[in-house]
Amino acid sequence: MAEIQQFRISFDGAFYKIVEDEDAAILLFEGIPISAACVEHGSHKDPHECPHTEKLLKKIFS
């Protein structure tokens, strides 16, 4: 059986939200990912350029 992995919201402001899991963190502006960071590669301008951040995006938007 597949393991269900969770994410947590570490900051929830009026316009910005920071969502993270054990491998990555993503900054959302009004629900749109604008920046990200992961434990292996560091910070990313484009949240779609890393498999760790892509995995977190799939968790958030599924």
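It should be noted that the structure appears before, not after, this text.
Note that the coordinates shown come from a computational prediction; the quantities given were computed from them, not determined experimentally.

Peer 1: Please give an account of unusual backbone geometry that cites residues and values.
Peer 2: Of note in this structure, Glu30 is not a glycine but carries a positive phi near 50 degrees. Mapped onto the secondary structure, Glu30 falls in the loop between β3 (24-29) and β4 (32-38). Looking at Glu30, the relative accessible area reads 53%, which means it is exposed.

Peer 1: Hey, could you go over the nonpolar core for me, with residue numbers and the actual values?
Peer 2: In summary, soluble globular proteins display a tendency toward joint burial of nonpolar side chains. Among the nonpolar cores identified, the biggest contains ten residues, and these are Val19, Ala24, Ile26, Leu28, Ala36, Cys38, Cys50, Leu56, Leu57 and Ile60. Elements with a minimum of two residues in this core: β3, β4 and α1 (51-60).

Peer 1: Break down the packing of aromatic side chains for me, citing the residues and quoting the values.
Peer 2: The description of an aromatic ring pair uses the distance of the two centres, along with the angle that the planes make with each other. Enumeration according to the criterion identifies two aromatic pairs in this entry. Look at Phe15 and Phe29: their rings are 6.5 Å apart centre to centre, the planes differ by 35 degrees, and that puts the pair in the tilted class. With Phe15 in the loop between β1 (8-12) and β2 (16-20) and Phe29 in strand β3, the pair connects residues that are 14 residues apart, well separated along the chain. The interplanar angle of 50 degrees and the centroid separation of 5.0 Å between the aromatic rings of Tyr16 and Phe29 together place this pair among those described as tilted. Of this pair, Tyr16 sits in strand β2 while Phe29 sits in strand β3; the two residues are 13 residues apart in sequence, bridging distant segments of the chain. By relative accessible area, Tyr16 is classed as partly exposed at 38%. Taking the relative accessible area as the measure of exposure, Phe29 reaches 31% and is therefore partly exposed.

What counts, and where the lines are drawn
Residues numbered from 1 in each chain as written. Predicted model: local features only at pLDDT ≥ 70, side-chain atom pairs only at ≥ 80, totals over all residues. Heavy atoms only, no water. Helix = DSSP H or I, 4+ residues; strand = E, 2+ residues; numbered from the N terminus. Buried < 20%, exposed > 50% of the residue type's maximum accessible area, 1.4 Å probe, protein only. Core = buried A, V, L, I, M, F, W, Y, C linked by side-chain atoms within 4.5 Å. Phe/Tyr/Trp six-rings, centres within 6.5 Å; stacked < 30°, edge-to-face > 60°.

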